[in-house]
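Here's the letter readout for the chains.
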Amino acid sequence: MVDFLRARDRMVDFHIARRGVRDTAVLAAMRTVPREAFVDPGFEEFAYEDSPLPIGQGQTISQPYVVALMVEAAALQPGDRVLEVGAGSGYASAVASRIAGHVYAIERLGELASEAAARFERLGYDNITLRVGDGSRGWPEAAPFDAILVAAGAPAAPPALREQLAIGGRLVIPVGEARRMQHLRKITRLGEDSYDEQDLGGVQFVPLIGAQGWTEDGQPATARAYVRDTSLPARISAAAEPLPDPDAADFAAPFERYAGRRVVLLGEASHGTAEFYRARAAITRRLIGRHGFRFVAVEADWPDAATVNRYVRHLPLRAGTVPAFQRFPTWMWRNTDVAALVDWLHAHNADREHAEQAGFYGLDLYNLTDSIAAVLHYLDRVDPAAAAVARERYGCLTPWQKEPATYGRAVLSHGYTRCEQAVVQQCRDLLASRLDYVRQDGESFLDAAQSARLIAAAEHYYRAMYYGGAQSWNLRDTHMFETLRHLLDAHGPRAKAIVWAHNSHIGDARHTDMGAARDQLNIGQLCREHFGEEAALIGLGTHAGTVAAADDWGDDMAVKRVLPSRRGSVERLCHDTGLPRFLLDLGPGQDEALREALLAPRPQRFIGVIYRPDTELQSHYAEATLPGQFDAYVWFDETTAVTPLGPQHARPGMPETYPFGL
Ligand code: SAM
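Novice: So what exactly am I meant to see when it comes to helix α5 (residues 110-123) here?
Specialist: For the α-helix, the turn length of 3.6 residues means that residues three or four positions removed from each other point alike. When the terminal C-alpha atoms of α5 are compared, their 20 Å separation across 14 residues agrees well with the 20 Å that a helix rising 1.5 Å per residue should span. Buried within α5 are the following residues: Leu112, Ala113, Ala116, Arg119 and Phe120. In a view along the axis of α5, the buried residues occupy a sector of 120 degrees, so they form one face of it. Across α5 from its buried face, at more than 90 degrees, point the exposed residues Glu121 and Arg122. Check the buried side of α5 and you find it contacts β1 (53-56), β2 (59-61), α4 (91-97), β4 (102-107) and β5 (128-132).

Novice: I keep staring at empty space enclosed by the protein and nothing clicks. Help me out?
Specialist: Sizing a probe to match a water molecule and rolling it over the atoms shows the empty space that remains. Scanning all chains against the criterion turns up three cavities of 30 Å³ or more. Here the second largest cavity is characterised by a volume of approximately 60 Å³. Examining the composition of the lining of the second largest cavity, we find that three residues originate from one element, helix α3 (residues 64-73), more than from any other.

Novice: Explain the site of the ligand to me, please; I cannot follow it from the model alone.
Specialist: Taken together, the neighbourhood of the ligand is formed by 26 residues, with Ser89, Glu107, Asp134, Gly135 and Ile209 sitting nearest. One nitrogen or oxygen atom from the side chain of glutamate 84 is found 3.0 Å from a nitrogen atom belonging to the ligand. Taking arginine 108, its main chain carries an N or O atom lying 3.1 Å from a nitrogen atom of the ligand. Burial of the ligand by the protein chains amounts to 99% of its free accessible area of 600 Å². When residues in the shell around the ligand are grouped by element, the largest group, three residues, is from β2. Along the lines of polarity and charge, the residues of the shell around the ligand split into 13 nonpolar, nine polar and four charged.

Novice: Please clarify how the environment of lysine 496 should be interpreted in this entry.
Specialist: Tracing the backbone shows lysine 496 in the loop between α17 (470-490) and β14 (497-500). The class for lysine 496 is buried, based on a relative accessible area of 17%. Along the chain, lysine 496 and arginine 294 lie 202 residues apart, while their C-alpha atoms are 5.7 Å from each other. For lysine 496, the side chain forms a polar contact with the main-chain oxygen of alanine 259, separated by 2.8 Å.

Novice: Could you clarify how one ought to interpret the packing of aromatic side chains in this entry?
Specialist: The way to describe two aromatic rings as a pair is by their centre distance and the angle between their planes. All chains considered together, the criterion is met by 15 aromatic pairs. A centroid spacing of 6.3 Å and a plane angle of 20 degrees characterise the contact between phenylalanine 251 and phenylalanine 636, whose relative ring orientation is stacked. Placement of the pair is phenylalanine 251 in the loop between β10 (241-242) and β11 (263-266) and phenylalanine 636 in strand β20 (residues 632-639), with a sequence separation of 385 residues. For the residue pair phenylalanine 251 and phenylalanine 636, the accessibility class agrees, reading buried in each case. Relative to tryptophan 333, the ring of tyrosine 277 lies with its centre 6.2 Å away and its plane at 80 degrees, an arrangement referred to as edge-to-face. Taken together, the positions of tyrosine 277 in helix α8 (residues 274-291) and tryptophan 333 in the loop between α9 (302-312) and α10 (336-349) put the pair 56 residues apart, joining distant regions of the chain. Grouping residues by exposure puts tyrosine 277 and tryptophan 333 together as buried. Aromatic ring contacts, followed pair by pair, group Phe251, Phe255, Phe276 and Phe636 into a single cluster.

Novice: How should the confidence of the model for the chain be read in this particular structure?
Specialist: Reading fine detail from the predicted coordinates is not recommended where pLDDT is low. For the chain, per-residue confidence averages 84 on the pLDDT scale, and residues scoring 70 or more make up 79% of the total. Long-range and interchain partners of residues 223-228, a stretch whose pLDDT sits below 50, account for nine contacts in this model, where long-range means more than four residues apart. The low-confidence segment residues 444-452 (pLDDT under 50) makes eleven contacts with residues lying over four places distant or belonging to another chain.

Novice: It is not clear to me how the pattern of salt bridges should be interpreted in this structure. Could you clarify?
Specialist: Oppositely charged side chains may form a pair once their charged atoms are brought near each other. Per the counting criterion, the structure on display carries 26 salt bridges. A salt bridge links arginine 108 to glutamate 216; its shortest N-O distance comes to 3.0 Å. One end of the pair, arginine 108, is in the loop between β4 and α5; the other, glutamate 216, is in the loop between β9 (195-203) and α7 (231-239), and 108 residues separate them in sequence. Of the charged contacts in the structure, one is a salt bridge between aspartate 508 and arginine 528, with a shortest N-O distance of 3.1 Å. Of this pair, aspartate 508 sits in the loop between α18 (503-506) and α19 (513-518) while arginine 528 sits in helix α20 (residues 523-531), and the two are 20 residues apart along the sequence. For the pair shown, aspartate 508 and arginine 528 are each scored as buried.

The rules behind these values
- Residues numbered from 1 in each chain as written.
- Predicted model: local features only at pLDDT ≥ 70, side-chain atom pairs only at ≥ 80, totals over all residues.
- Heavy atoms only, no water.
- Helix = DSSP H or I, 4+ residues; strand = E, 2+ residues; numbered from the N terminus.
- Expected span 1.5 Å × (residues − 1).
- Buried < 20%, exposed > 50% of the residue type's maximum accessible area, 1.4 Å probe, protein only.
- Arc of directions from axis to C-beta.
- Contact = heavy atoms within 4.5 Å.
- 1 Å grid on protein atoms, 1.4 Å probe; cavity = no way out; pocket = protein on both sides within 12 Å on 5 of 7 lines; lining within 4 Å.
- Points joined across faces, edges and corners; volume = space filled by probe spheres on them.
- Near = heavy atom within 4 Å.
- Polar contact = N/O pair within 3.5 Å; in protein donor to acceptor, adjacent residues only side chain to side chain.
- Areas by Shrake-Rupley, 256 points an atom, 1.4 Å probe, with all protein chains shown as cover.
- Nonpolar A, V, L, I, M, F, W, Y, C, P; charged D, E, K, R; others polar.
- Phe/Tyr/Trp six-rings, centres within 6.5 Å; stacked < 30°, edge-to-face > 60°.
- pLDDT = per-residue confidence, 0-100.
- Salt bridge = Lys/Arg side-chain N within 4 Å of Asp/Glu carboxyl O.

If you want it as structure tokens, here you go:
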């Protein structure tokens, strides 16, 4: 049985107060209103999660933090007349009613409105008047209002709502050119015709559908008052350094500015784009070949990368070695671009002493993919419904996969909790057997103490991983960072390294809604905190083309079309430069005004091993600031899917296509 009082207090402390909501009246109201009474039956146990939840009819109850943020921004006073547009479940109106004098609430959908009215009645909230209607026109008979809260995104602030504000009144409304991505605006009426406007940051709301919002088919209902900043692409273009094709001899030359750093982290906006691999390979060859970088450490399982490492260092194949990277998502490492880099490292190391050779390592020591496969295999056998939930949750471990239906299914499957013990045990057994392999590996940095630490942490990790969410992500990225540090230590006091991982791991998480809204950190952030200016964080991005990805975890790879980037996104700004490829240096001493302009959070696309174009906006876009995340951004306007290794790539004289096998 969930202790709702405790959960509510925890929510207010962790998700609201800690994020900066200070108004004591707002915090007290959030501690009073029982959110579990506003969610659909069956969802009560999720009522205090840090997220919106479905309330039927394709609508959501807003994330508690966003409700608190909006109510605080509206600066409600006792006695105030408040209008809420988009009452939905009634939760935000209920919170406002605990502070203000009277709340007028409008909801467009009759069914939601009657459920909300019943809730107010049950809870005895008698200072709320609710009606069904189009709130984009406001509620003229009840105006003027001291505050208006709008819980749905509009293309521009409706003039009717501005006009229904009292002088000194505050309108808090999500405004954005994209239907499901907005900036929260606070508009204060200063005089008859004068208003002050403030930006409170990026948010995602369902659209405001009505005469002064969006039409049902997704068009702004009125002429757009939203002014696009058309000068930004031109300014990016002026600051950008055009790049040649990644296979050109001098592609990596501009990246020599990072040759003095201890760690150069190279990102990617998908796990299946050839240009990202080829660019990173070219930079890696340059930094290793000319600037003494000692190894490349990639977002891959340790044991598989260790097999590749033995190959590139000309170490004998160990008995019982299985070919590397045979499990989902195979194309991420078994592709022609990685094979070419592996061949280059093999040749580069040929006449070098062991201590001078360049290495290839995996940062995911926990063997994530094997563990996930084991869990899914087990659940598929004993409880397919639980397996479906697990698939969704593992989606969350790959960058930015969000599936709104997850909660719905989690509720349906009681087997999920029942299976926990067995699944955790299975992961531990798996780890124990894999550890023998790791222990015997020739590279000595991974000593007994490290193994012991790993075993101690494993149960915690698997339990967290089983439930998904921020904690498992943080454990994973902290682990990757620690592995990197151990590797650096093992290679000498001034050893320099290159890291390959997804943008979501490399772009400083404090500057994405991953860090800001979900308490997630990542290896990029940890490197910045630890190495300061000695770390270079470089993101890569694209507008359109093709990508190798699956529909779901464990499914076959397909070559999918990448939708053109969305209006208002970082990618669209880069696309609008008209340049096919460029490097944008975002470091100190560059165009400061441009850096400043790019600091506003914008939607940015994250494709992992799964790509779902049908739900692209929810599944793959998140708010982030480009210069906050990265020291530089590398742009490829049009990109192509990686080519997985096939029999035609077998190398004569090698056992299969060692080290990959086929
Ligand atoms: N504050 C609500 C809560 O906490 O449950 C959030 C509800 S949801 C994010 C937004 C609601 O706005 C939906 O229920 C939707 O039907 C409603 N809506 C959209 N356009 C509207 C309009 N023009 N007038 C009134 N309600 C509208």
